[in-house]
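# Descriptive structure summary
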Amino acid sequence: MGGCHYDRKLLDEMPSRGLGARNANNMRASTMDSVWRLFDGMVERDVVSWNTVIGGNVESGLYEEALAMVRQMTHVGLRPDSFTLSTVLPIFAESGSVSNGKETHGYAIKNGMDREAFMGSSLIDMYAKCTLLEYSYHVMGRVANPDAIAWNSIIAASVQNGQFDDGLRFFRQMLQWKLRPMAVTFSCLLPACAHLNTLHLGKQLHGFIIRGGFDRNVFVASALVDMYAKCGSICIARRIFDQMPSLDMVSWTAMIMGYALHGPVQEALSLFRRMEMDNGKPNYVAFVAVLTACSHAGLVDEAQKFFSNMTKDYGITPCLEHYAAVADVLSRAGKLEEAYDFISKMHIKPTASIWSILLGACRVHKNGELAEIAAEKIFELEPKNIGSHLILSNVYSATGKWKEAAEIRMVMRMKGLKKQPACSWIEIKNKVHGFVAHDTSHPCYQKIVDAWETLKDQMEREGYVPNTTDALHDVEEEQKVISLSGHSERIAIVYGIISTSPGTTLRVTKNIRVCVDCHTVIKYISRIVRREIIVRDLNRFHHFNDGQCSCGDFW
DNA sequence: GTAGGGTTAG
């Protein structure tokens, strides 16, 4: 068994990330120098003293030094133990060097250490950070007596890799094993609720958090702010934010992004200014949040100002999300040429999603030429991008190019591209009810139809005229059929009205953007039934109240 | 005597 071989490889394959950390940690490095001198002068050095110094190096970001020491300790006849391995595994987790991680895992198996909880949690974390979630699950299955941290690790692993249901399942198992959840458990779990948009689960976790006394922990509180904002309760998010004993960049950013998603954009901008004063230098995520706020409200000048502020004053290199927000605000304002120039001058290669922003706006502003250019770029990058085919065909139709429009439809048939059905869902008494367009399958379908007919009559008496020329967004194909069966969010809302008591807030989620006509209809409904109706679409939240929407009819 | 897990990214 070649301990030597294993160690040498570790050192050879170290990525350069440790160097960056070293420069950033000069002060700690000099502290480590004195540690090293002390260690050097020791008469007798055992595994514990080696492990201690290795740990100090890792903590100071001196990764290469730490790994070199692992090699050196084998040269003086000492064998790395489970302390050594769980100290260096986070290095591989951070740098994503899965081959080194696997070797370490192999060494642990051969020495019978892989079933220990300490080793298990480092291995689970390392594999998860290298996006090999199945390996994390495998390791967890072999840990003899998983402790709370091992459960935290597997929960974090699942959620960080997008397996939200798994994360919640592991949490239930953790409780069944009578292990007490910790603050970390909740800061791992809350993002799962945020992504799944399940307010009732999030509230249940909040209950656990209060009972456990974790609500003042900054990680937990920030995750709560984010969860409530993402699940549609911006007011509760703000209340928690205001009660936080201390705020860090993440808490500010979560709150700003919350306002960007929900609409009070001035609130987002003023929070950003306050954050600059209180917390100093915003990071790039904070700029993603404030630029998103600008794009959702169509604030062209402000977005451009923030973008140059970010690059010139703060020296932050823009990433895809920053470019997307600025491209969006320019495009939707009708500054198509400017948007095209902006995208063309990006320092990273624009993705299909960036070009799609321009293409979508070309449809609204009926610019066939730029639409063709954008579509060509998209088809190059993603030949099977369904939405772009549809938009291009719509641009052709809108500009009277019927032949070209028909050709696109033909190409789509030949490529076997079929549109994903649009759907909406509503949570009633902790049960989710989903509806697709033309959905007649719900047991209450007839009641829904009757209620819709009554509502429609009343809307028409109040002046509602169906709008069949939805030119704004890529919505369901059946948009011309203004009927109940056409759009899924109407079915969900009407079902919500007939199955909850008067005055109850309705929360509906939709997997694409809301169309203009539905937006109008929901405004009418909110006034007629005197309820707040909150619709989360692909991009943002709409709060309908007394005939108005929080998006200010711009979305 | 030493060690493992965390929040923001339309």
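Residues numbered from 1 in each chain as written. Chains lettered and ligands numbered in written order. Predicted model: local features only at pLDDT ≥ 70, side-chain atom pairs only at ≥ 80, totals over all residues. Heavy atoms only, no water.

### Structural notes on the pairing of strand β4 (residues 533-536)
Across four bridges, strand β3 (residues 506-510) lies against β4 in parallel orientation. Paired with Leu 506 across the bridge in β4 is Ile 533. Crossover handedness for the path β3 to helix α28 (residues 516-528) to β4: right-handed. Across four bridges, β4 lies against strand β5 (residues 541-545) in antiparallel orientation. By the bridge assignment, Ile 534 is partnered in β5 with His 543. (Pairing = 2+ DSSP bridges. Helix = DSSP H or I, 4+ residues; strand = E, 2+ residues; numbered from the N terminus. Right-handed = clockwise from strand over helix to strand, strands pointing away.)

### Points about the protein's contact with DNA strand B
Near DNA strand B there are 45 residues, and of these Ser 121, Asn 152, Lys 230, Tyr 284 and Thr 292 occur at the shortest range. Each atom of DNA strand B within 4 Å of the protein was classed as base or backbone; sugar and phosphate made up 39%. A distance of 2.9 Å separates a base nitrogen of DNA strand B from a polar backbone atom of Ala 117. Taking Asp 125, its side chain carries an N or O atom lying 3.4 Å from a phosphate oxygen of DNA strand B. Broken down by secondary-structure element, the contributors of at least two residues to the surface near DNA strand B are α4 (47-59), α6 (82-95), α8 (117-129), α10 (148-160), α12 (183-196), α14 (218-230), α16 (249-262) and α18 (284-297). Taken together, the residues of the surface near DNA strand B break down into 21 nonpolar, 16 polar and eight charged. (Near = heavy atom within 4 Å. Polar contact = N/O pair within 3.5 Å; in protein donor to acceptor, adjacent residues only side chain to side chain. Nonpolar A, V, L, I, M, F, W, Y, C, P; charged D, E, K, R; others polar.)

### Let's talk about the state of the cysteines
Scanning the entire structure with this criterion turns up zero disulfides. The structure places no disulfide on Cys 515, whose sulfur is separated from the nearest cysteine sulfur, that of Cys 518, by 3.8 Å. The class for Cys 515 is buried, based on a relative accessible area of 2%. (Disulfide = S-S within 2.5 Å. Buried < 20%, exposed > 50% of the residue type's maximum accessible area, 1.4 Å probe, protein only.)

### Considering unusual backbone geometry
Glycine aside, residues mostly have negative phi angles, and peptide bonds mostly take the trans form. Even without a glycine there, the phi angle at Thr 131 is positive, about 60°. For Thr 131, the location among the structural elements is in the loop between α8 and α9 (133-142). With a phi angle near 60°, Asn 197 is a residue other than glycine that sits in the positive phi range. Relative to the helices and strands, Asn 197 resides in the loop between α12 and α13 (199-212). By relative accessible area, Asn 197 is classed as buried at 14%.

### Some points on the UniProt feature "repeat: PPR" (unreviewed entry) in chain A
The residues that UniProt annotates with the feature "repeat: PPR" (unreviewed entry) are residues 46-80, 147-181, 248-282 and 283-318. For the annotated span residues 147-181, helix accounts for 74% and strand for 0% of the residues, and the straight-line distance between the end C-alpha atoms is 10 Å. Along residues 283-318 one finds 78% helix and 0% strand; the C-alpha atoms at either end are 11 Å apart. (UniProt positions renumbered as here; feature names shortened; annotations may be inferred.)

### Here we look at the packing of α13 against α14
Their axes nearest at 10 Å, the elements α13 and α14 cross at an angle of 160°. It follows from the interaxial angle that α13 and α14 lie roughly antiparallel. For the pair α13 and α14, the sense of crossing is left-handed. Counting all contacts with α13, which are made through Leu 199, Gly 202, Lys 203, His 206 and Ile 209, the residues of α14 involved are Val 220, Leu 224, Met 227 and Tyr 228. (Axes fitted to C-alpha atoms, helices over the stretch in contact; angles between N-to-C directions. Parallel < 35°, antiparallel > 145°, perpendicular 65-115°, else oblique. Left-handed = near helix turned anticlockwise from the far one by under 90°. Contact = heavy atoms within 4.5 Å.)

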